[in-house]
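Next come the chains, spelled out residue by residue.
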Amino acid sequence: MKQPNIAKAGVVLAGAALAALAGPGAQANAVTIEFPQVPTLAYGGWCGTAIRTWADVGPAWPGRAILNMRALPVAGIGPGDYPLAPLCEVRTTVAWRNTSTGAVGSYDETIVSGLYGSMQYSLLQDTGPGLVEVTVTTDHANIPARGWFQVPAPAAPTA
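1. Observations concerning the overall build of the chain
Then, number 1: A tally of regular secondary structure across the chain gives 1 helix and 10 strands.
Then, number 2: Each helix and strand of the chain, placed in order from N terminus to C terminus, yields the pattern α-β-β-β-β-β-β-β-β-β-β.
Then, number 3: Split into buried and exposed, the 159 residues of the chain put 32% on the buried side.
Then, number 4: Once local pairs closer than 6 in sequence are excluded, the contacts in the chain between residues at least 24 apart make up 61%.
Then, number 5: Of the roughly 9,300 Å² of accessible surface on the chain, a fraction of 63% belongs to carbon and sulfur atoms.

Shown next, in the form of structure tokens:
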């Protein structure tokens, strides 16, 4: 579907406004750490996909990390009028443990995927600073993934 020029201009202006609010260099030192993909079956037919997960850390949110997940395009057969274009879902869990502080937590989300994959799901987690280990699994047959990332500590106050 083609967008009118005014809609395109609105999207560009909204992006510029967000960049201005974030300030210059707010994301300059942000780091993205991608974990191995999790091959999994999904519900909603005979479906299979892989889940991508990654963490974003940076000085803009010290002691915290943004955990992200997204499904790749689904393959399989489903019910309905279009069985070769199934829409499937799988509950995905990113369990994390901060080895420096002992803090633990998890991010659970039901990811819905189709022929073009899924939308991106993200959540800010209060992990605390230090080394954080993650395990990514689903609630269907899967091959779990493991990874780790370093979360920066808050900057020391200047005198």
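Now that the structure has been shown, we can carry on.
2. Some words on the state of the cysteines
A disulfide bridge is the covalent bond that connects two cysteines by way of their sulfur atoms.
Then, number 1: Enumeration over the complete set of coordinates arrives at 1 disulfide.
Then, number 2: The disulfide partner of Cys47 is Cys88, and the S-S distance across this bridge is 1.7 Å. Of the two residues, Cys47 is situated in strand β3 (residues 46-57) and Cys88 in strand β6 (residues 88-98); the sequence distance between them amounts to 41 residues. Both residues of the pair, Cys47 and Cys88, count as buried.

3. Considerations on the side chain of Thr49
Then, number 1: In this structure, Thr49 sits in strand β3.
Then, number 2: Among all residues touching Thr49, those that are not within four sequence positions of it are Val38, Pro39, Thr40, Ala71, Leu72, Pro73, Val74 and Ser113.

4. What to know about the nonpolar core
Then, number 1: Counting 25 residues, the largest nonpolar core has Ile51, Leu67, Met69, Val134 and Phe149 as its most contacted members.
Then, number 2: The set of elements that each furnish at least two residues to this core consists of β2 (38-42), β3, β4 (65-71), β6, β7 (104-113), β9 (130-138) and β10 (145-151).
Then, number 3: With sequence-adjacent residues up to four places away left out, Phe149 is seen in contact with Ile33, Phe35, Ala55, Val57, Ala65, Leu67, Gly130, Leu131, Val132 and Val134.

5. Some details on the pattern of salt bridges
Then, number 1: Overall, the coordinates contain 3 salt bridges when judged by the stated rule.
Then, number 2: We note a salt bridge from Asp126 to Arg64, for which the minimum N-O separation is 3.5 Å. Here Asp126, found in the loop between β8 (121-125) and β9, pairs with Arg64, found in the loop between β3 and β4; they are 62 residues apart in sequence, far enough to count as distant.
Then, number 3: Residue class for Asp126 comes out exposed when judged on its relative accessible area of 57%.
Then, number 4: For Glu133, the salt bridge is made with Arg97, and the minimal N-O distance between the two is 3.0 Å. One end of the pair, Glu133, is in strand β9; the other, Arg97, is in strand β6, with 36 residues separating them in the sequence.
Then, number 5: We classify Arg97 as partly exposed; its relative accessible area is 41%.

About the criteria used
- Residues numbered from 1 in each chain as written.
- Predicted model: local features only at pLDDT ≥ 70, side-chain atom pairs only at ≥ 80, totals over all residues.
- Heavy atoms only, no water.
- Helix = DSSP H or I, 4+ residues; strand = E, 2+ residues; numbered from the N terminus.
- Buried < 20%, exposed > 50% of the residue type's maximum accessible area, 1.4 Å probe, protein only.
- Contact = heavy atoms within 4.5 Å.
- Areas by Shrake-Rupley, 256 points an atom, 1.4 Å probe, with all protein chains shown as cover.
- Disulfide = S-S within 2.5 Å.
- Core = buried A, V, L, I, M, F, W, Y, C linked by side-chain atoms within 4.5 Å.
- Salt bridge = Lys/Arg side-chain N within 4 Å of Asp/Glu carboxyl O.

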